[in-house]
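Given next are the chains, with one letter for each unit.
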Amino acid sequence: MHWADVMAERLSRRGDKHVIASGITPSGVFHIGHLREILTADMITRACHARGLDAEFIFIVDSADPLRKVYDFLDPEYERYIGHQLGTIPAPDENGKPGDGSITYAAHFLNPFMEALKQIGVEPRIIDNLDSYRQGEFADSARIACENVAEVREIIESKSGRELPEGWYPYNPLDSQGCLDGVTVTGYEWPHVHWTDSHGESGSADLRKGEGKLPWRLDWPARWHSLGVTFEPFGKDHGASGGSYSTGRPLVQLFGSEPPEPLVYEWILLRGVGAMSASGGITVGPLVALELVPPEILRFLIARNKPNKHIEFDTGSALVELTEEYRNLLSNIQEMEAEVDSDSSKRASTALITKKASLLYSQVKEGEEVNYESRKISFRHLAMLAQIRSEDEDVWASLERGGLIESAAEAGGELEDRLRRMRIWLASEHFPEPFRLRVQSEITDGAGEFLVAEEHLEYLKMLEPLIRGCEWKSKTINDAVCDTARREEIGLEVREAFKLLYWVFLDQNFGPRLAPLFHELGAELVLVQLEKAIDHLTI
RNA sequence: GGGCCUGUAGCUUAGUCAGGUAGAGCAUCCGGCUUUUAACCGGACGGCCGCGGGUUCGAACCCCGUCAGGCCCGCCA
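Residues numbered from 1 in each chain as written. Chains lettered and ligands numbered in written order. Predicted model: local features only at pLDDT ≥ 70, side-chain atom pairs only at ≥ 80, totals over all residues. Heavy atoms only, no water.

Student: What is the right way to look at the packing of aromatic side chains in this model?
Tutor: Any aromatic ring pair is given by two values, namely how distant the centres are and how the planes are angled relative to each other. Counted according to the given criterion, the structure contains 20 aromatic pairs. Arranged with centres 6.0 Å apart and planes meeting at 75 degrees, the rings of Y78 and Y105 form a pair that is edge-to-face. With Y78 in the loop between β2 (54–61) and α3 (105–119) and Y105 in helix α3, the pair connects residues that are 27 residues apart, well separated along the chain. With respect to class, Y78 is no different from Y105; both count as buried. Centroid distance Y133 to F138: 4.2 Å. Interplanar angle 20 degrees. Geometry classified as stacked. On the accessibility criterion, Y133 (1% relative accessible area) is buried. Residue F138 is classed as buried on the basis of its relative accessible area of 3%. Each residue in the set Y71, F73, Y78, Y81, Y105 and F109 is aromatic and connected to the rest through ring pairs, giving one cluster. (Phe/Tyr/Trp six-rings, centres within 6.5 Å; stacked < 30°, edge-to-face > 60°. Helix = DSSP H or I, 4+ residues; strand = E, 2+ residues; numbered from the N terminus. Buried < 20%, exposed > 50% of the residue type's maximum accessible area, 1.4 Å probe, protein only.)

Student: What exactly am I supposed to notice about the packing of helix α18 (residues 454–469) against helix α22 (residues 523–538) here?
Tutor: One way to put it is that α18 packs onto α22 with a least axis distance of 10 Å and a crossing angle of 155 degrees. Taken together, the axes of α18 and α22 are roughly antiparallel relative to one another. Taken as a pair, α18 and α22 cross one another with a handedness that is left-handed. Contact with α18, carried on its side by H456, L457, L460, K461, L463, E464, I467 and R468, involves V526, L527, L530, E531, A533, I534, L537 and T538 of α22 and no other residues of that element. (Axes fitted to C-alpha atoms, helices over the stretch in contact; angles between N-to-C directions. Parallel < 35°, antiparallel > 145°, perpendicular 65-115°, else oblique. Left-handed = near helix turned anticlockwise from the far one by under 90°. Contact = heavy atoms within 4.5 Å.)

Student: Even after reading the chapter, I still don't get the sheet that holds strand β7 (residues 202–206), so can you show me in this structure?
Tutor: Whether parallel or antiparallel, the strands of a sheet pair through hydrogen bonds between backbone atoms. The strand order across the open sheet built from three strands is β5-β6-β7, with neighbouring strands paired in antiparallel fashion. Edge positions in the sheet fall to β5 (184–189) and β7, since each has one partner strand and no second. Strand-to-strand, the axes of this sheet are offset by a mean angle of 25 degrees, without reference to chain direction. (Pairing = 2+ DSSP bridges.)

Student: Explain unusual backbone geometry to me, please; I cannot follow it from the model alone.
Tutor: Excluding glycine, residues mostly carry a negative phi; peptide bonds, for their part, are mostly trans. Here the amide bond leading from W190 into P191 is cis, since omega sits at 0 degrees, within 30 degrees of zero. Inspection of the secondary structure assignment puts P191 in the loop between β5 and β6 (192–196).

Student: So what exactly am I meant to see when it comes to the side chain of T323 here?
Tutor: Looking at where T323 falls in the secondary structure, it is placed in helix α12 (residues 317–339). Residue T323 is classed as buried on the basis of its relative accessible area, which comes to 9%. Sequence-distant contacts of T323, that is, excluding residues within four places in its chain, are made with V293, I297 and F379.

Student: Honestly, a negative patch on the surface in this entry has me stumped. Any pointers?
Tutor: Taken together, the side chains of E391, E393, D394 and E416 define an acidic patch exposed on the protein surface. Tracing the chain through its elements places E393 in helix α15 (residues 392–401). Take E393: its relative accessible area is 54%, and that puts it in the exposed class. (Patch = residues over 30% accessible without salt bridge, like charges linked within 9 Å, V, L, I, M, F, W, Y side chains within 5 Å. Areas by Shrake-Rupley, 256 points an atom, 1.4 Å probe, with all protein chains shown as cover. Salt bridge = Lys/Arg side-chain N within 4 Å of Asp/Glu carboxyl O. Lys, Arg positive; Asp, Glu negative; His and termini not counted. Charge placed at Lys NZ, Arg CZ, Asp CG, Glu CD.)

Student: When you look at the pairing of β5 in this model, what are you seeing that I'm missing?
Tutor: If a strand is regular, its side chains alternate between the two faces of the sheet. One ladder, built from five bridges, connects β5 with β6; its direction is antiparallel. Of the residues in β6, the one forming a bridge with Y188 is V193. Connecting β5 to the next strand, β6, in antiparallel fashion are two residues.

Here it is, written out as structure tokens:
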């Protein structure tokens, strides 16, 4: 069974109504790792729906979290906002300096991510944590915490094995400047927490009005309590024994609710770099990846990997492999289905069911049939066409000739979208070099090693005038290349001729159809390079 | 110190929760196709399932131990 279905099954034993939560702090640029959090929750929500459960997916934005430090991408001016809540401070401008405040720090980083989520088919109910505080959603939990300080302290200290500092209090009031740091709680009397701050000011925070917040280890269970969360996936940082999930369990019970079902997921690692970090600036944004491949590929990245496996990712070869695997699965799944039936092993049928589910959960629209349209056209093929054909029409024509599509009309929609993204990928730094056609303007060492035989020179000498004189069409170019090789006085195998030309033009002994490539390169460029090859052999 | 996750073919891995002959993709090699879509089709090669014990008629799977890698217990998904 697919991991999302396994989880949904477990949830169905718990009840029929579920609130599936997911939360992220918008402290910096969102990255692919955050996508795992969201998509894990999204897919399990869908799996719940598939088995008739009433499940709602909510995405909690931690806008109430304070700025911890001045990250590398921020100007030192942000020093004065440390300890201030992300939903109350200004977004950085393009230089990392605090902006004019027309958009908050939290919204600045959240908005592009929301756009990516929309494209990727995830539309959760958004809950702004700062708003929740201001609307008093946490008042109940905060009151219980403040009335049971010793017990809360005991739970956290015993579970985490960590000693809390002397003045620790289960509620952090905002100080006179709106900062959460350096505030000392001096007393509590519902609904107020009294405090003094580092500026010598003192005051009272109303628990019902968001004049402060719960520290993380209480904030989390308080959300579970107020929203009735029954399931939440979280990164392994929270999952360790003594981590915030294990202290959250008894705390949410203290608030009067049952803890949600957990699911710990592993990190996505940037190949050759390590873990991604929003605050450390090592990221691949979901929007960047979305520019390069269709959204179902990114969903597939999450769907095909079990949550407890780490994922190695990059925007080059890893994306290519993923794209190819998706396509291969599309073209094989129906065949596999036909083969796997009653007489198959349990193993084979389990594998099939899991793979089908991976495809299903990769579809952008929930419940939509798997789209098989693009299965015949591989990444390699499309990448090659996109490189030698600058006009989309020519790409469609080529696909049509190859029998990969019925007609150019079929190219609309998804294929057109794929090609568009492929062109962006090609133009970017992310495109993997081995797939890039490297059209040569000199005779490379590799080509030089190949170009040794007398026939090679004869062939090129005879080809050159034909190329020069022929009508610049793929057909005539191709005829010139092949007919020349076949002439008796040359006696070169056609295959050998192609190899020769691939070496001269691409520095490798194979390549895409040569004639369209020449056509695309233009007569002038082709002739210059041919002459260089002739010169090389003549010396 | 405490805990979590991972370890299966050269690489990526499925199968572990419900024990029943170890599967796939990529790569490699061979063959087919040959006015060649680095395509496509067919085949081969390749695994003491980290290691040691135990339970069982039977273990990649369950139990105990052990080694290795990654990570957490400081609010980085």
